[in-house]
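Listed below are the residues making up each chain.
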Amino acid sequence: MDNSFFYRYKNPLLVIALLIIMGGGYTYSRMQTALFPEITFPKIKIIADAGQQPVKQMTVTVTRPLENAIKQVPGLVNIRSITSRGSCEISAFINWNADINLSQQQVESKINQIRNQLPPDIQITVEQMNPSILPVIGYSVNSASRSPLELKQLALHTIKPFLSQVEGSSDIRIVGGKDKEYWVVLDKEKMSRLGLTPDAVSQAVSSTNFVSSNGYLSDYRLMYLTVTDAQITDKEQLADLVVKNDGKRVIQLKDIASVEIHEAKEYVKVNANGEESLLIAVVKQPNANLIDLSVRMEAKIEELQKALPADIIIKPYYVQADFVNDSIKSVSDSLWIGLVLAMVVAIIFLRSWKASLTILITIPITLSLTLIVLYFVGQTFNIMTLGAIAAAVGLIIDDAIVVVEQIHRTHEEHPTESSKVLVQKAINFLLKAMIGSSISTIVIFLPFILMSGVAGAYFKVMTDTMIITLVCSFFATWVLLPVIYLLLTKKENNSKESMVEHEVKERIWVGFFIRKPVISLIIMLLFIISMVLILPRLATGFLPEMDEGSIVLDYESPPGTTLEETDRILKEVERMILEVPEVESYSRRTGTQMGFFITEPNQGDYLIQLKKDRTHTTDEVIDEIRAKVESSQPALRIDFGQVIGDMLGDLMSSVQPIEVKVFGPDQERVQAYAAQISEIVSQIKGTADVFDGRIIAGPSVSIKPNAVQLAQYNITPLILQYQLQTALEGNVIGDVFDPLQLTPIRMIYPLSSSLNVNDVNNTSVFLPDGKMKPISEFADVTIHSGEAEIDRENLQVMGVVTARLDNRDLGSTMSDIQTAIATKVSLANGYTLRYGGAYAEQQQSFKELFMILVISSLLVFSVILFLFKDIWVALIILTVAVLGVSGSCILLFLTNTPLNVGSYTGLIMMVGIVGENAIFTYLQYEDALKKMTQDRALIYAISTRLRPKLMTALGAIIALAPLALGIGTGAQLHQPLAIAVIGGFLFALPLLLIVLPSLLNLTSPGKN
């Protein structure tokens, strides 16, 4: 057999292998890195701001018209809204198959069609919700000598433009600080004596402060643009502005008001590590490399720090790339540990350095080829693709071990033949089984295309990566591994010792089991009983959770609490946070949040970064902080999460895993049911941060104008409102053209910030002639308690009860909640209850995964049937493969690992893996039948395949052990899958070595 394919094409194939390794190294350096795959979620969020309208007014005039318009968008699946005082937040969930960019345009188009029906001054923002809109890097900016106003100006006009130069950055957001305004503080007494009103001052500014073109002027072949420039450019010009000329004197603005540069009125506070700070949030471009962006941004910050004044200190408080880098390192370590241990296994079983080295060289070639394919299909290095490669390492090792072991065995059985002949003979013998086994492990991932939702979006990336890895593994082991083996083969040794033939040692125990099939039937029965008993008791979840090393703490102080009082309460919370030794740093936002939400002044969030070297997990630190805050600040409502988990929640329908929704026509009754359910949920073991969904916007003061009384003095309600706003918050009446920006001019009364509720009754109203009268003569002033926000879903009023899990799985917790609600809550006619959150997503995913499991099993059955053309053989192998799933369930139960999307994927993988191993066994058995009886053929086949089976099982288990143990950052995401696969491998051995031959012995060989 000098015409051996591998011998004749050895050099070309070695060059291909070398090119693959070089290409893998190149693509490794070029592939973009991100936390998650670049997936556009089918969620569009609309936020409308209409000033300070009451909630019910806002619902009628803004929320409902917007909902009805957006409901007409093609492909809309669900619409959900929250209406607060003066603003509403609408989430439109589109079909996953729709073009989200087109859907956004259609949403904007529908909103524009009803613009004339909405309040004239409404501001509407429409955003696609995807991971790229959230910050990936955060910096705090502090100065011991500069005011918040100076710091904000420096950030806007120096820091932001400088950092925007960094390639890959989409937006540099400035959070906190104080904006600059010019305040015109009116002297009411002087104005009254001069017969001036606030309206007159406003008109004087708007009629004077402008730039306008007068047209073109031609002169001596040149054309000139003529411009009237009455623009105010500084404080002095504003003070000198003429308000009135009555023929006796010219009245300037400085005669009736003081003009000063002032901090804008804002209800936002930002804090970093106990100091009032300004935060810089870096948002990356959708296709930018996160690691490269982080490195460039760090270098740019160092460059910027040298150019800034010495008192400006910029420090990072959140760097997502650190987590991604640690995850990549963790997966890389898992790969190398798996490779080294797999080589150890090969050396122990084969006692051959050549065979072991062949495996060690083949696996990097497989991984390099995988990287090349991933690069050209547009994938990135992310936690899903890397996890898929790490999880597939066991299968890669399996492929390599099977081929190397067969070559090695062929060499033992035919020691007198040359290596080039033996290699070709081994590959020819295995080719049929290699093709069948590879297809059987690949087809199990094809049905994942049926999976929907966020789980489908991410896990389809994972399964696609596994398919690519397995195809590359088949090519590398079938074509390149034999050539590597030949390369490592020294000159043929024809000594007598090397020519000793090694016979396969037949295992007596195999004959014992196949002659007593009742034992195999008992083993099968035990496996079936274990599944029946364990599955109902198995903990369940949705997506696997990770210990990210960062905490998001959302908070809300009692309704109507001032910003200053909220800040005082939070300073006590911060003292407790700093007492926790695992905390490294934190940042706090009050009146705003990291995401895209409606946020009241009494709401906000913390981002707490934990130390890398710590003795407690993130969940344990959360429990400690929660206990301290709840005991010392009972009025503060808090909600804990982790950054990535909250981000995924924002992209889905709910951040919280537990969500109970009540629908009905009457808002108050719906909220009463929600409060009752909230009380029930809070008593269920394993729940935390329970919230009844009732958010009060705070108390309000209502001024009801007396139209008749106003008409007597020729005052309209609009003028009355304008003067009230001037007295309380001020009115923006124009802009000053600063060199770098347009700075608002705010007209306001003195001591406006110190007014209380009683002072509103005594507020003076200017009459048209400049005289003043108290507002009590023109309007009735009443105080109202706060209004609750209104939640709606698909145009129905809704009450939402939410909770997080506390050291308990989702499935059992929800089961207890459903039982308690069913026995204690009785809904009236017209009111319905529905479960949402992660639980609803989990139920949908589990239905789809079960269907995928069934389809995958049928596909494996079809592959085996086509391969061996014997329906009974195909049924026996399928039975053994499906029973292998019970091993996964047993180990999940023993390790208290929940059945979630990750571990369910591991269960499905085991059908293909066990089927693959059974194919090799049956091939050996089919070949042996040509030379011996059925009993002896089965004993010979099992004895022959015993070594490769033990090697592949041990190699795969050891390769997956780092992931299964959760070693390294991000490993917890793939830990359930790894545990499920390891459990399958462990319990598959008795099925393959005992049950399979016993069942085959019950069939008649050669009978189709």
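Residues numbered from 1 in each chain as written. Predicted model: local features only at pLDDT ≥ 70, side-chain atom pairs only at ≥ 80, totals over all residues. Heavy atoms only, no water.

J.: A description of the sheet that holds strand 14 (residues 275–276) should follow, citing residues and the corresponding values.
T.: Taken together, the 6 strands give an open sheet; going across it, the order is 14-13-18-19-17-20, and neighbouring strands pair in antiparallel fashion. Edge positions in the open sheet fall to strand 14 and strand 20 (637–641), since each of these has one partner strand only. Lying on the sheet, helix 18 (residues 563–579) is in contact with strand 13 (269–272), strand 17 (550–556), strand 18 (583–590) and strand 19 (603–610); it crosses strand 18 at an angle near 170 degrees. In this fold helix 20 (residues 643–651) packs onto strand 17, strand 19 and strand 20, with an angle of close to 55 degrees to the strand it touches most, strand 17. (Pairing = 2+ DSSP bridges. Helix = DSSP H or I, 4+ residues; strand = E, 2+ residues; numbered from the N terminus. Contact = heavy atoms within 4.5 Å. Axes fitted to C-alpha atoms, helices over the stretch in contact; angles between N-to-C directions.)

J.: Outline helix 13 (residues 383–413), supporting the account with residue identities and numerical values.
T.: Over its 31 residues, helix 13 extends 45 Å from the first C-alpha to the last, a length consistent with the 45 Å expected when each residue adds 1.5 Å. At A392, helix 13 is bent by approximately 40 degrees, the largest bend along its length. The buried fraction of helix 13 amounts to 30 of the 31 residues, a majority that puts the element mostly inside the structure. Its side-chain oxygen 2.9 Å from the backbone nitrogen of M384, N382 forms the N-cap of helix 13. (Expected span 1.5 Å × (residues − 1). Bend = angle between axes of the 7 residues up to and from the residue. Buried < 20%, exposed > 50% of the residue type's maximum accessible area, 1.4 Å probe, protein only. Polar contact = N/O pair within 3.5 Å; in protein donor to acceptor, adjacent residues only side chain to side chain.)

J.: Give a detailed account of the sheet that holds strand 6 (residues 169–176), specifying residues and quantitative values.
T.: Pairing in this open sheet of 4 strands is antiparallel, and the strands run 6-15-5-16 from one edge to the other. Of all the strands in the sheet, just strand 6 and strand 16 (312–319) have a single pairing partner and so form its edges. Between one strand and the next, the sheet's axes are offset by a mean angle of 25 degrees, whatever the strand orientation. Across 5 bridges, strand 5 (residues 137–143) lies against strand 15 (residues 278–284) in antiparallel orientation. Bridged to Y139 within strand 15 is I280. Against the sheet, helix 10 (residues 290–307) touches strand 5, strand 6, strand 15 and strand 16, its axis set at about 165 degrees to strand 16.

J.: Any details on the packing of helix 21 (residues 667–682) against helix 25 (residues 810–824)? Residues and values, ideally.
T.: Between helix 21 and helix 25, whose axes approach to 10 Å, the crossing angle comes to 135 degrees. The orientation of helix 21 with respect to helix 25, classified from their angle, is oblique. Crossing angle aside, the handedness with which helix 21 passes helix 25 is right-handed. Facing helix 21, whose interface residues are Q676, I677, I680 and V681, helix 25 presents I817, A820, I821 and K824. (Parallel < 35°, antiparallel > 145°, perpendicular 65-115°, else oblique. Left-handed = near helix turned anticlockwise from the far one by under 90°.)

J.: Lay out empty space enclosed by the protein with the relevant residues and their values.
T.: To locate leftover empty space, one rolls a probe as large as a water molecule over the atoms. Under the definition given, this model contains 8 cavities of 30 Å³ or more. Put simply, the largest cavity is a space of about 130 Å³. Forming the walls of the largest cavity are 13 residues, and the residues nearest its centre are L35, F36, P131, K284 and Q320. In the lining of the largest cavity, the residues fall into 9 nonpolar, 2 polar and 2 charged. By volume, the second largest cavity is sized at about 90 Å³. Together, 13 residues line the second largest cavity, and Q671, G693, D791, M798 and G799 are the ones closest to its centre. When contributions to the lining of the second largest cavity are tallied by element, the ones reaching two or more residues are helix 21, strand 29 (790–793) and strand 30 (796–805). Top element by residues in the lining of the second largest cavity is strand 30. It accounts for 4 residues. (1 Å grid on protein atoms, 1.4 Å probe; cavity = no way out; pocket = protein on both sides within 12 Å on 5 of 7 lines; lining within 4 Å. Points joined across faces, edges and corners; volume = space filled by probe spheres on them. Nonpolar A, V, L, I, M, F, W, Y, C, P; charged D, E, K, R; others polar.)

J.: A description of the domain arrangement of the protein should follow, citing residues and the corresponding values.
T.: Parsing the protein into structural domains produces domain 1 (1–30 + 352–490), domain 2 (43–128), domain 3 (135–178 + 266–322), domain 4 (197–255 + 720–765) and domain 5 (506–537 + 870–1007). Inter-centroid distance (C-alpha atoms) of domain 1 to domain 4 is 75 Å. (Domains from an automatic or database assignment.)

J.: Can you tell me about the side chain of Q320, naming the residues and giving the values?
T.: Mapped onto the elements of the fold, Q320 is located in helix 11 (residues 320–350). Setting aside chain neighbours within four positions, we find Q320 in contact with L35, P135, V136 and L290.

J.: Describe the environment of V373, and please don't skip the residues or the numbers.
T.: Locating V373 in the fold gives a position in helix 12 (residues 353–376). By relative accessible area, which is 28% here, V373 ends up partly exposed. When the C-alpha positions of V373 and I468 are compared, they lie 7.3 Å apart, and in sequence the two are 95 residues distant.

J.: With reference to specific residues and values, describe the side chain of S520.
T.: Tracing the backbone shows S520 in helix 17 (residues 517–534). Ignoring any residue separated from it by four or fewer positions in sequence, one finds S520 in contact with I994, V995 and S998.

J.: An account of the pattern of salt bridges is needed here, citing residue identities and associated values.
T.: Under the defined criterion, the tally for this structure stands at 33 salt bridges. Salt bridges sharing partners connect three or more residues here, namely R80, E659, K661, E793 and R834. (Salt bridge = Lys/Arg side-chain N within 4 Å of Asp/Glu carboxyl O.)

J.: Just give me the short version of unusual backbone geometry, but keep the residues and values in it.
T.: One non-glycine residue, N794, adopts positive backbone phi at about 50 degrees. With respect to the helices, strands and loops of the structure, N794 is situated in the loop between strand 29 and strand 30. Despite not being glycine, N896 has its phi angle at roughly 55 degrees, a positive value. Among the secondary structure elements, N896 is positioned in the loop between helix 27 (871–894) and helix 28 (901–928).

J.: Go over the pairing of strand 15, please, and point to the residues and values.
T.: Looking along a regular strand, one sees the side chains alternate between the two faces of the sheet. Of all 7 residues making up strand 15, 7 are buried, and the element is well covered by its neighbours. Residues of strand 15 alternate between two faces, with L278, I280, V282 and K284 on one and L279, A281 and V283 on the opposite face, all of them buried. Both strand 6 and strand 15 contribute to a ladder of 7 bridges, which runs antiparallel. Residue pairing across strands places S169 opposite K284, the latter belonging to strand 15.

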